[in-house]
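Descriptive analysis of the structure
One letter stands for each residue in the lines below.
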Amino acid sequence: MQNKGLIKLFAILFGLVSIYQLSFTFKASQIESEAAQIASSRFDNVEQANAEQIRYLDSLGNEESYNIGVAKFTYNEVKDNAMNLGLDLKGGINVILQISVKDILKGLANNSKDPIFNRALTDADALQQSSQNTYLVSFFNAFDAIKGDKKLASPDIFANRTLSEEVTIDMTDGQVRDVLEAKVDESILAAFEVLRKRIDKFGVTQPNIQRLGNSGRILVELPGAKDVERVKNLLQSTAQLEFWDVYKAEEIAGYILQVNQALVEENASKKTDSTETETAQPDETSSAIDALTGQISADSTDTDDINPIKLVGFGGGPIVATFEAKDQDEVLAHLNNPRYRSFLPADQRYVKFAWEKQEKNSELVNLYAIKGNRDNTPQLSGAVITDARQSYNQRNQPSVSMQMNAKGSRIWEEMTRIAYETQGFIAIVLDDVVYSAPSVTTGPILGGNSEISGSFTVNEAIDLANVLRAGKLPARADIVQADEVGPSLGQEAIDSGTKSFLIALSFVLLWMVFYYGKAGVFADIALLFNILLIFGVLAGLGAVLTLPGIAGIVLTIGISVDANVLIFERIREEIAKGKAIKEAVKDGFGNALSSILDANITTGLTAIILFVFGTGPIKGFATTLLIGIITSLFTAIYITRLLVDYMVEKNVKLDFSTSLTKNLFQNVNIDFLKKRKMSYIISSIVIILSLGSLFTTGLDEGIDFVGGRTYQVRFAQEVSTEEVKTSLNEVFGSAEVKTIGAANQLKISTKFKVDENSAEADEEVQLLLFQGLKQFLPDGISYDDFKEGSGEATIGKMSSSKVSPTIAEDIKAASIWAVLGSLIVVFLYILVRFKRWQFSLGAVAAVFHDVLLVLGIFSLTWKFMPFSMEIDQAFIAAILTVIGYSLNDTVVVFDRIREYVNEHTGWEFKKTINASLNATISRTLNTSLTTLVVLLAMFIFGADSLRGLLYALIVGVVVGTYSSLFIATPIMYDTAKRGDAAESLKRKEKEEEVEVV
């Protein structure tokens, strides 16, 4: 081997750089462990301890924390250089936010009331349910379908004051579209920047935020975030801050009574047609309030005869009345009913009803009446806020202090002057929720200072200040896909992943020594160096290590020895030919190179496709697989060669086998092609069974493909899936319940409110889940305990996922394209590499055969297997990996066929193929065995969430090994024409005659 010195230097530098990169990971882990110990020693409360840990680490941010002699690093620098752990290993939240393009368009159209515009928006919503287009394209299509003579540049749509400089009434729809595309893009970019600023202030280490194409979707990954609900509120809050004058309770109480009386009459009329009553008049308000209040105290607030509006009590000052929180929607529906709003006097016709921020652990909520106007615009908005800080009010409660700009200060001074003179109140409203409605008792407020107070915790006040300082989102942000993992589940994943990794590694190391003797030791050294390089590259690139990523590394261990197996088998062949060891080593490495490159390139191509089409953890799987392929090639070809050459030069005896394996597979002479008809029949029967099951039983599609919400819940004892399902069906209507791992751990999926992406809908579904499971949980466990996981055994919700139907359709389409794309790419590569379409046909037919069998086996077994076998993104990753593995094996055989065709020109084609299959059988079985054992180690000892993926890989390795021997090569043989077409046919006919005889 040439340039040994350069290779040694490069290997040493590569290894040192990897160790250097990984040292930051170990140092960061050490610092964070110390911080956790300090925090837990100071506080027993988990929330306080977490806050203290974050505060302590923040204090270390710019302090020197790592000294390696030639360089010194602060904690922030150590953290930035450490390996990023994914959500499934560290816990936290990973969401895809959909910025509402509909809201952006409404804003650009100044909330136009034009019926065609609004109908186009409604139609676009419907189109989005089954379209892969962006919302903007759907809106354009919907508008074109109904516009008639109406133009986008109409004065009552987009040719308005807001867009006066960009859109004029003489512009065509095409020109307006260009403007709207630019404006929508600007708004989404603005939303991206607002979210980035909010996240930067949140205190999460190694956050990741990315804009996904031009769809209006933004990916946010916050590994290590412990307070998931707090994160979701932070991300989804639009921060629409408004200041409004409010009506006093006595000014609006009469309307509440009138609506209640109208409801009483309606209810009475349903029971009898003869009852007639009069509504309360304004001058009768006080006595009516007293009467109703007395009845409320004496009777049930749910009595339709007396109190159908479900009033709990009247308020005072700015608080109009109090209701139960569960009745909010129903109350607003009554108060905003156009039939009843006619009771309002002319000067109150624009009144807006809004709820106060509900206090924790309270079932009641207060109602306010805001003095609205025709344009529904507040006297003052949050756009004037220049700074916001968490502070404390006069009662020493957490609050938020704000500073306004000059324009806001002037308006604020005027608003507070009027409120002072009229003894009125000013409501501070954030995202349509009243946080406070203070009076002004000391005269006009100068300088633009204001304060928001309410039932805040310190964290809530800090978050609100950060949100206001970062600015408001230009439109609503809905969580359309989310994955939440508790920190305890993440630690369990690390423990199980480490255990399976070490077991798999130990087996491979021992097997290589057992099979190849001293040469196996060199392969082991190369393998260990390869693992160091993989982790070093991951840390250096800032890639995220996920649980599927660990599976990818473990799989890399299984297939990385394949290159060494190929090399050692070729060396053994050369030694068997009587060559000296030095010449045998040289020829063995040279002859194996072509097969190694072809096998790894085909696997690498499928990994690239997986990386392009995959998201989140699946992208992590593809990343580690790609890195593993590259580093495996380097270590197998160069590091092993350096070690072998060193021993050869020292005249150390190398047999590349042991006494037990020396003659294994040496004189194998199986007529594979003679058995091809039987293999065709067997495969056809299994494929027919698979297709029959796929068309009848189908597959267990996960929420990735159909949409919905999934929760992983742990109980204190074993629970019956049927009993849990019955209980949940009562609250959800329909739910899927499966055991995942231990019998006290369930995976629960539901499509209840699948089309609603609001934070309120998420909270409602989760609350219903708790209510449905309460009878199976320990006594005394609260909803908050359930959400966060309580006790040392961590009882409650461990993780959750949500995928909206629109995202599910996108994932399904991307998955289909990924599989089809991999087949096309592989067909073309093999066609170019082997220059005959018959080779491509054989390889693709075998891969198609393998995919069908894996799908069929999943369809046949998912109903009774004791682990989840949902078809999701992880399963697609498994399918693509199976494609890569199957091709790896097939290409090695094809490469040997090509070599023998050129080397043994006098052989019959059938003899050439059988000889090639027999020559590679040792390598095929060796690689399959090591890969299978590695996968079984992960399957038995790894995380429960990976069992479905690993089961698919195990099935894929078995059928892939079978297909390379009995499907790919026979199909290639049956369609091949070697050399001249007539000569090929003559040879084929002659062989068939011999076979018949």
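Spatially, S5-S6-S4-S18-S23-S20-S22-S21 is the arrangement adopted by the 8 strands of the open sheet, whose pairing is antiparallel. Each having just a single partner strand, strand S5 (208-212) and strand S21 (736-739) make up the two edges of the open sheet. On average, adjacent strands in this sheet sit at an angle of 20° to one another, irrespective of strand direction. In this structure, strand S20 (residues 708-714) lies alongside strand S23 (residues 796-803), joined through 7 bridges in antiparallel fashion. Bridge pairing in S23 links Arg 709 to Lys 802. Relative to S5, helix H8 (residues 173-200) is tilted by about 170°, and along the sheet it contacts strand S4 (92-99), S5 and strand S6 (217-223).

The next thing to look at is a nonpolar patch on the surface. Among the surface-exposed residues, Ile 608, Phe 611, Val 612, Phe 613, Ile 816, Trp 817 and Leu 820 lie close enough to one another that they form a single nonpolar patch of about 680 Å² accessible area. For the nonpolar patch, the secondary structure elements donating two or more residues are helix H19 (581-613) and helix H26 (805-834). In terms of residue count, H19 provides more of the nonpolar patch than any other element does, 4 residues in total. As for its placement among the helices and strands, Val 612 is situated in helix H19.

The next thing to look at is the packing of helix H5 (residues 101-108) against helix H7 (residues 135-146). Relative to each other, H5 and H7 sit at 60°, their axes nearing to 9 Å. It follows from the interaxial angle that H5 and H7 lie oblique. For the pair H5 and H7, the sense of crossing is right-handed. Contacts between H5 and H7 involve Val 101, Lys 102 and Leu 105 from the former and Tyr 135, Leu 136 and Phe 139 from the latter. Residues of the contact of H5 with H7, tallied by class, amount to 5 nonpolar, no polar and 1 charged.

Turning our attention to the confidence of the model for the chain. The pLDDT averaged across the chain works out to 82; a share of 91% of its residues lies at or above 70. Long-range and interchain partners of residues 978-986, a stretch whose pLDDT sits below 50, account for 10 contacts in this model, where long-range means more than four residues apart. Segment residues 992-997: pLDDT under 50, and 4 contacts once partners within four positions in sequence are set aside and those in other chains are kept.

This paragraph deals with the side chain of Asp 889. With respect to the helices and strands, the residue Asp 889 is situated in helix H28 (residues 873-903). Looking at Asp 889, its side chain comes within polar contact range of the side chain of Ser 964, at 2.9 Å. Contacts of Asp 889, omitting those with residues within four sequence positions, involve Arg 923, Thr 924, Gly 960, Thr 961 and Ser 964.

Counted at 1.5 Å a residue, the expected span for H26 with its 30 residues is 44 Å, and the 43 Å between its end C-alpha atoms agrees. In the stretch just after H26, Lys 835 is the one whose phi turns positive, near 60°.

The next point concerns the side chain of Arg 570. Topologically, Arg 570 is positioned in helix H18 (residues 547-576). Taking relative accessible area as the criterion, Arg 570 reaches 4% and is therefore assigned buried. Separated by 2.7 Å, the side chains of Arg 570 and Glu 899 make a polar contact.

Turning our eyes to something else, we now look at the pattern of salt bridges. All chains considered together, the criterion is met by 45 salt bridges. Residues Asp 185 and Arg 211 are paired through a salt bridge, measuring 2.6 Å at the closest nitrogen-oxygen approach. Of the two residues, Asp 185 is situated in helix H8 and Arg 211 in strand S5; the sequence distance between them amounts to 26 residues. Residue classification places Asp 185 among the partly exposed residues on the basis of a relative accessible area of 34%. Given a relative accessible area of 27%, Arg 211 falls into the partly exposed group. Notably, a salt bridge pairs Asp 387 with Arg 389, separated by 2.9 Å at the nearest N-O pair. Through salt bridges with shared partners, a single ionic network connects Lys 4, Arg 641, Asp 645 and Glu 649.

What counts and how
Residues numbered from 1 in each chain as written. Predicted model: local features only at pLDDT ≥ 70, side-chain atom pairs only at ≥ 80, totals over all residues. Heavy atoms only, no water. Pairing = 2+ DSSP bridges. Helix = DSSP H or I, 4+ residues; strand = E, 2+ residues; numbered from the N terminus. Axes fitted to C-alpha atoms, helices over the stretch in contact; angles between N-to-C directions. Contact = heavy atoms within 4.5 Å. Patch = residues over 30% accessible without salt bridge, like charges linked within 9 Å, V, L, I, M, F, W, Y side chains within 5 Å. Areas by Shrake-Rupley, 256 points an atom, 1.4 Å probe, with all protein chains shown as cover. Salt bridge = Lys/Arg side-chain N within 4 Å of Asp/Glu carboxyl O. Parallel < 35°, antiparallel > 145°, perpendicular 65-115°, else oblique. Left-handed = near helix turned anticlockwise from the far one by under 90°. Nonpolar A, V, L, I, M, F, W, Y, C, P; charged D, E, K, R; others polar. pLDDT = per-residue confidence, 0-100. Polar contact = N/O pair within 3.5 Å; in protein donor to acceptor, adjacent residues only side chain to side chain. Expected span 1.5 Å × (residues − 1). Buried < 20%, exposed > 50% of the residue type's maximum accessible area, 1.4 Å probe, protein only.

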